[in-house]
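Take a look at the letters that make up each chain.
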Amino acid sequence: MKHCALTLGVMLAGLGISHGAVADDDALITALKKGKPILDMRLRSESVDNDSATDADALTLRTRLGWQTGDFHGFDAVADVEDVHIVGKVDNYAPEQAGYPVVADPTGTELNESYLRYRGSGAFDGVSVVYGRQRIIYDNARFVGNVGWRQNEQTFDASRADYENDDIAVSSAYITQVHGITDAFDANVSSTLLNARWKSAPGGSLTAYGYLLEDDGSGADNDTYGLRYAGKAPLSSLTVLLTLEGARQSVDAGDSDYYLAELGADLSGVTVKAGQELLGSDGGSVAFQTPLATKHAFNGWADQFLVTPADGLQDRYLGVSGKLAGFKLAAVYHDFQADQGSGDYGTETDLLAARPIGSHYVVGLKYADYQADDYGSDTRKLWAWAELKL
């Protein structure tokens, strides 16, 4: 037995493999085995009734399949593939067929995420570094998000570094490519994102950010600097909610401003919010834009203002949300007006009912009704979906 052990040691040494390397190799195999699968399937119907065009109908299945490894000396890796295809030949929508309203869920298969991540410990506790194709979401996704509502989510080829402790969270990212929800939103870029949040600010959190975007194809720059405060204060039996935000955006043609003021209250799980959001215009020539945002979540679910009109946009809204019998319920009313001039764009009513079933399933209904005045045309959208997620 001694001779066998000695012979094995000599053989390993001759191969350049130490006992430590063998242990590391075992740890690597263990990390791979102890990973977890990524599975997210969503079957969704979307119908669009637009007074200026033929009605659209889409029934699509999104399948996201991948793997996340376990930890290996602070490192892990994630990769997943995303496939969107039409179910039952319900495809009367653009871009699948010309002449129909757009449903931004094109068919296709692509690499959704593929990244290597390091999460520190000890002296590097709170440090995280990610390299590769990844989703990036900052704050409420108003300026940088993954557009998770669409079947093909938005991800980025990027390098990202974060540090977080009990008081602060600091993040920086450098993006080289945007993989948008459709080919029209794909872009080669040289963009730097900076976001720093003071988590223990009085009554809430205070965030400062700078998003310096450059499109390599057109050479266009879009630089946005801003501050965001989000706070809440218990008051008797309810909690008062307050969000304030302001930003200045500079592009080659001029500057524009962004403001948000939102006041809300939470009482026994029912939340009511009223607010005004302004995406300003510089004299009707340059309007504030959010090219990397999760746009569907803002300014109405009918998606009439994915691109801010040249005269800017004022969105005054009132919303209520809560839970009843296991259902998440929400209703929001919007009044849209121009920033420059007296344009009255229109109004919109949005309704949502969604319910989790167990810990892996969700079903839901969602409705948007945009009533046009001076902008666009009357549009109604209805969604029904069922989702499985591990």
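Summary of the structure given here. (Residues numbered from 1 in each chain as written. Predicted model: local features only at pLDDT ≥ 70, side-chain atom pairs only at ≥ 80, totals over all residues. Heavy atoms only, no water.)

### Focus on the environment of V87
Consideration 1: Here V87 shows up in strand β3 (residues 75–92).
Consideration 2: Sequence separation between V87 and A338 is 251 residues; the distance between their C-alpha atoms is 40 Å. (Helix = DSSP H or I, 4+ residues; strand = E, 2+ residues; numbered from the N terminus.)

### Details of the side chain of K295
Consideration 1: Tracing the backbone shows K295 in the loop between β15 (286–287) and β16 (313–324).
Consideration 2: Here K295 sits buried without a salt bridge, and the closest side chain of opposite charge, D303, lies 9.7 Å off (N-O distance).
Consideration 3: Setting aside residues up to four positions removed in sequence, K295 forms contacts with T290 and L306. (Buried < 20%, exposed > 50% of the residue type's maximum accessible area, 1.4 Å probe, protein only. Lys, Arg positive; Asp, Glu negative; His and termini not counted. Salt bridge = Lys/Arg side-chain N within 4 Å of Asp/Glu carboxyl O. Contact = heavy atoms within 4.5 Å.)

### Considerations on the packing of aromatic side chains
Consideration 1: Applying the stated criterion to the full structure yields 16 aromatic pairs.
Consideration 2: Ring geometry for F143 versus Y258: centroids 5.3 Å apart, planes at 75°, classification edge-to-face. Of this pair, F143 sits in the loop between β5 (127–134) and β6 (155–164) while Y258 sits in strand β12 (residues 254–267), placing them 115 residues apart in sequence.
Consideration 3: On the accessibility criterion, F143 (9% relative accessible area) is buried.
Consideration 4: For Y258, a relative accessible area of 0% corresponds to the buried category.
Consideration 5: Here the aromatic cluster, defined as three or more aromatic residues joined through ring pairs, consists of Y138, F143, Y209, Y211, Y258 and F288.
Consideration 6: Note that R44 overlies the ring of W149, its terminal NZ or CZ placed 4.2 Å from the centroid.
Consideration 7: Lying over the aromatic face of W301, K366 brings its terminal NZ or CZ to 4.5 Å of the ring centre. (Phe/Tyr/Trp six-rings, centres within 6.5 Å; stacked < 30°, edge-to-face > 60°. Lys NZ or Arg CZ within 6 Å of the ring centre and 35° of its normal.)

Nothing here speaks to function; it is geometry throughout.
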